Amino acid sequence: MTADRLLRASAEHSYDPDVEIDWDAPLAGDLYFVPPHRSSLYGTALWDGLSQEQRITLTRHEVASIAGLGIWFETILMQLLIRSYYRQDPTAAPSQYALTEVADECRHSVMFGRMIAKLGTPVYRPDGVDAALGRWIAATGTGPRMYAAILICEEILDTLQREAMACEQVQPLVRMVSRVHVVEEARHVRFARDELAGEVRSAGRARLAFDRVVIGRAAYLCGTRLIHPGVYRSVGIDPAAGRRAAWSNPHHRATLRWAGERVVSYLSDLGLVSGPLWRMSGLLPLHS
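Now for a description of the structure that goes with this document. Since the structure is predicted, the reported quantities are computational estimates derived from the model, not experimental observations.

## Describing the overall build of the protein chain
Reasoning step 1: When helices and strands are counted, the protein chain shows 12 helices and 0 strands.
Reasoning step 2: When its helices and strands are written in sequence order, the protein chain yields α-α-α-α-α-α-α-α-α-α-α-α.
Reasoning step 3: For 288 residues, the compact-globule estimate of 2.2 N^0.38 gives 19 Å, and the C-alpha radius of gyration of the protein chain, at 19 Å, lies within 12% of that figure.
Reasoning step 4: With respect to the three principal axes, the spread of C-alpha positions in the protein chain is 55 × 45 × 30 Å.
Reasoning step 5: In the protein chain, buried positions account for 52% of the 288 residues.
Reasoning step 6: A sequence separation of at least 24 residues applies to 83% of the contacts in the protein chain between residues at least 6 apart.
Reasoning step 7: When the accessible area of the protein chain is evaluated, it comes to approximately 12600 Å², of which 55% is carbon and sulfur surface.
Reasoning step 8: Of the side-chain charges in the protein chain, 32 are positive and 32 negative, and the distance between the mean point of each set is 7 Å.

Take a look at the structure:
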């Protein structure tokens with residue numbers, strides 16, 4: 001059973017960021033915070049106009065934006081899992097793994113928060129309608145929309161971090177944070193995928209139609225707010241101008257499609273990818 005295997009794996013391969021990460025080590029002045037080709041402005045005229053120091057500064061704020069979105073989604077996830085656990089059998093392995101995942105996410109959110117503090121950036125997070133949507137999902141999310149929304153953010157971050165942790169152009173702090181998160185997040189993705197498949201099989205047609213809309217909105221949020229427009233202020237670029245440049249940047253659009261490729265494929269196989277919000281998210285392949 002998947003939950004039994006994941007419980008054993010959690011016992012054998014869990015990490016304490018306080019121990020695994022050297023939080024006192026100084027940041028390297030000549031290293032990026034995301035691989036430079038993954039910066040939202042890479043390849044644009046705005047990028048060409050930045051000095052090397054400004055490019056590094058921009059990626060510092062971009063990784064803070066990604067971490068801030070990660071904390072926001074993980075906070076929602078923890079609420080969803082606790083609400084679900086409240087109704088479940090505490091002796092069952094899936095219930096016990098759900099609590100184990102909550103413990104993992106607590107550590108991850110603290111780890112991301114400490115990294116943002118170390119970076120000295122603002123805390124970038126969804127606001128306005130997106131924040132209200134997050135509160136609604138946290139309070140009401142069940143079934144397919146719960147697990148699909150979780151997977152969208154988890155798998156996009158996982159793809160980005162797998163590359164970052166192996167990139168020698170990236171700060172050691174970011175690489176280590178990415179490594180810790182990737183190892184533990186792989187279990188969360190496996191659990192969510194298995195739970196989602198079961199929920200889709202048991203859901204009715206009307207339920208799935210509604211959930212597809214919610215899932216599409218979650219995809220739109222993740223694709224359009226992975227990089228908060230406020231990051232561009234750090235290098236003297238107007239947020240609206242920076243967002244326009246990023247959204248029209250073929251390199252950034254390719255990064256979004258690449259980061260979303262695995263989860264889009266999986267959700268498509270389950271019949272959960274449809275509607276204009278998905279097309280507006282930037283996550284779909286070009287031919288879609």
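Next comes the rest of the write-up.
## Quick notes on the pattern of salt bridges
Reasoning step 1: A complete count under the given rule lists 12 salt bridges for this structure.
Reasoning step 2: Between Arg-114 and Asp-18 there is a salt bridge, and its shortest N-O distance comes to 2.5 Å. Taken together, the residues span a long stretch of sequence, with Arg-114 in helix H5 (residues 93-119) and Asp-18 in helix H2 (residues 17-20) at a distance of 96 residues.
Reasoning step 3: With a relative accessible area of 34%, Arg-114 lands in the partly exposed category.
Reasoning step 4: The partner of Arg-38 in a salt bridge is Glu-163, with the nearest N and O atoms 2.8 Å apart. A residue pair is termed long-range when its members are at least 10 positions apart, and Arg-38 in the loop between H2 and helix H3 (45-48) and Glu-163 in helix H7 (residues 143-165) qualify at 125 residues.

## Concerning helix H6 (residues 128-140)
Reasoning step 1: For H6, with 13 residues, the first-to-last C-alpha span of 19 Å sits near the 18 Å given by 1.5 Å per residue.
Reasoning step 2: Contacts made by the buried residues of H6 are with helix H4 (52-86) and helix H9 (205-225).

## Concerning the layout of surface pockets
Reasoning step 1: In this structure, the largest pocket encloses a volume near 210 Å³.
Reasoning step 2: Along its surface, the largest pocket is lined by 13 residues, and Ile-71, Trp-72, Thr-75, Ile-76 and Arg-125 are the ones closest to its centre.
Reasoning step 3: Breaking the lining of the largest pocket down by element, the ones donating at least two residues are H4 and H6.
Reasoning step 4: Here the lining of the largest pocket takes 6 residues from H4, the largest share from any one element.
Reasoning step 5: Residues of the lining of the largest pocket, tallied by class, amount to 7 nonpolar, 4 polar and 2 charged.

## Observations concerning empty space enclosed by the protein
Reasoning step 1: One pass over the full model with this rule turns up 5 cavities of 30 Å³ or more.
Reasoning step 2: Computed from the structure, the largest cavity encloses a volume of approximately 230 Å³.
Reasoning step 3: Considering the residues around the largest cavity, the lining is formed by 21 residues, among which Val-34, Val-63, Ile-66, Leu-160 and Ala-164 are closest to the centre.
Reasoning step 4: The set of elements that each furnish at least two residues to the lining of the largest cavity consists of H4, H5, H7, helix H8 (172-202) and helix H11 (250-269).

## Re the packing of helix H1 (residues 2-12) against H5
Reasoning step 1: Packing of H1 against H5 leaves a shortest axis separation of 8 Å and a crossing angle of 35 degrees. Judged by the sense of rotation from one axis to the other, the crossing of H1 with H5 is left-handed. In this structure, H1 contributes Ala-3, Asp-4, Leu-6, Leu-7 and Ser-10 to the contact, and H5 contributes Ala-93, Pro-94, Gln-96, Tyr-97 and Thr-100.

## Re the packing of aromatic side chains
Reasoning step 1: One pass over the full model with this rule turns up 4 aromatic pairs.
Reasoning step 2: Of note, Arg-38 hangs over the ring of Trp-258, and the distance from its end group to the ring centre comes to 3.7 Å.

## Focus: the packing of H7 against H8
Reasoning step 1: Where H7 contacts H8, the axes come no closer than 8 Å and their chain directions differ by 150 degrees. When the axis of H7 is compared with that of H8, the two are roughly antiparallel. Of the two possible hands of crossing, H7 and H8 adopt the one that is left-handed.
Reasoning step 2: When its residues are assigned to classes, the contact of H7 with H8 shows 12 nonpolar, 5 polar and 10 charged.

## With respect to the nonpolar core
Reasoning step 1: In this structure, Met-115, Ile-152, Leu-196, Leu-267 and Trp-278 are the most contacted members of the largest nonpolar core, which totals 81 residues.
Reasoning step 2: Elements that contribute at least two residues to this core include exactly H4, H5, H6, H7, H8, H9, helix H10 (239-247) and H11.
Reasoning step 3: In terms of residue count, the dominant contributor to this core is H4 (14 residues).
Reasoning step 4: The contacts of Trp-278, once residues within four sequence positions are left out, are Ile-152, Ile-215, Gly-216, Ala-219, Val-264, Leu-267, Leu-272, Val-273, Leu-283 and Leu-284.
Reasoning step 5: Ala-3, Ala-93, Tyr-97 and Phe-191 belong to the second largest nonpolar core, which has 5 residues in total.

Conventions adopted
Residues numbered from 1 in each chain as written. Predicted model: local features only at pLDDT ≥ 70, side-chain atom pairs only at ≥ 80, totals over all residues. Heavy atoms only, no water. Helix = DSSP H or I, 4+ residues; strand = E, 2+ residues; numbered from the N terminus. Rg over C-alpha atoms; globule rule 2.2 N^0.38 Å. Buried < 20%, exposed > 50% of the residue type's maximum accessible area, 1.4 Å probe, protein only. Contact = heavy atoms within 4.5 Å. Areas by Shrake-Rupley, 256 points an atom, 1.4 Å probe, with all protein chains shown as cover. Lys, Arg positive; Asp, Glu negative; His and termini not counted. Charge placed at Lys NZ, Arg CZ, Asp CG, Glu CD. Salt bridge = Lys/Arg side-chain N within 4 Å of Asp/Glu carboxyl O. Expected span 1.5 Å × (residues − 1). 1 Å grid on protein atoms, 1.4 Å probe; cavity = no way out; pocket = protein on both sides within 12 Å on 5 of 7 lines; lining within 4 Å. Points joined across faces, edges and corners; volume = space filled by probe spheres on them. Nonpolar A, V, L, I, M, F, W, Y, C, P; charged D, E, K, R; others polar. Axes fitted to C-alpha atoms, helices over the stretch in contact; angles between N-to-C directions. Left-handed = near helix turned anticlockwise from the far one by under 90°. Phe/Tyr/Trp six-rings, centres within 6.5 Å; stacked < 30°, edge-to-face > 60°. Lys NZ or Arg CZ within 6 Å of the ring centre and 35° of its normal. Parallel < 35°, antiparallel > 145°, perpendicular 65-115°, else oblique. Core = buried A, V, L, I, M, F, W, Y, C linked by side-chain atoms within 4.5 Å.

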